[in-house]
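# Understanding the architecture of this molecule
In case you want the letters, here they are:
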Amino acid sequence: MHIQINTDRNIDGNEALATYVRGETEHALSRFSESITRVEIHLSDENSDKKGGKDDLKCVMEARIQGRQPLAVTCQATTLEQAVNGAADKLSRLIESTIGRSANQRGHRADPHTYGLDEPENDEES
């Protein structure tokens, strides 16, 4: 699973932040790591010029899963840590429901059933 982190011009994309974001993302998505080829993370500060406001830090996560359309979630919060954790949790739940839904659909496909047409008759005569 390749993780790419992008920041806007208002967020200092230092190595400590990248290490934290990668760690949280890998932890949240670890059970799906075989299916996920890439995760793109976009961090932004919506109201940076005003230097205020509640829930103005935003994290958008997009996962690319083998053989599927990309899945994306967004979380806005007061801190980057909260935004990253919220987005990672949302993405984990979305992937789980998407993969679970398709596995469930595969399990409920209408397979042709012979209803005994190919089976020899078992007439037990005494």
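Residues numbered from 1 in each chain as written. Predicted model: local features only at pLDDT ≥ 70, side-chain atom pairs only at ≥ 80, totals over all residues. Heavy atoms only, no water.

## Regarding the confidence of the model for the protein chain
The predicted model of the protein chain has a mean per-residue pLDDT of 83, with 73% of residues at 70 or higher. Per-residue pLDDT stays below 50 along residues 108–117; that stretch engages in zero contacts with residues further than four places along the chain or on separate chains. (pLDDT = per-residue confidence, 0-100. Contact = heavy atoms within 4.5 Å.)

## Topic: the environment of L29
Tracing the backbone through its elements, the reader meets L29 in helix α1 (residues 15–29). On the basis of relative accessible area, L29 is assigned to the buried category, the value being 0%. L29 sits 67 residues away from E96 along the chain, and the two C-alpha atoms are 9.6 Å apart. What L29 contacts, discounting residues up to four positions off in sequence, is M1, I36, V39, A88, L91, S92 and I95. (Helix = DSSP H or I, 4+ residues; strand = E, 2+ residues; numbered from the N terminus. Buried < 20%, exposed > 50% of the residue type's maximum accessible area, 1.4 Å probe, protein only.)

## Details of the pairing of strand β2 (residues 36–45)
Among the 10 residues in β2, seven count as buried, and that is most of the element. Pairing between strand β1 (residues 2–7) and β2: six bridges, direction parallel. Along β2, the bridge assignment pairs H2 with R38. Taken together, β1, α1 and β2 constitute a β-α-β crossover, and its handedness is left-handed. Looking at chain direction, β2 and strand β3 (residues 57–65) are connected through nine bridges and run antiparallel. Opposite E40, over in β3, you have E62 as the bridge partner. (Pairing = 2+ DSSP bridges. Right-handed = clockwise from strand over helix to strand, strands pointing away.)

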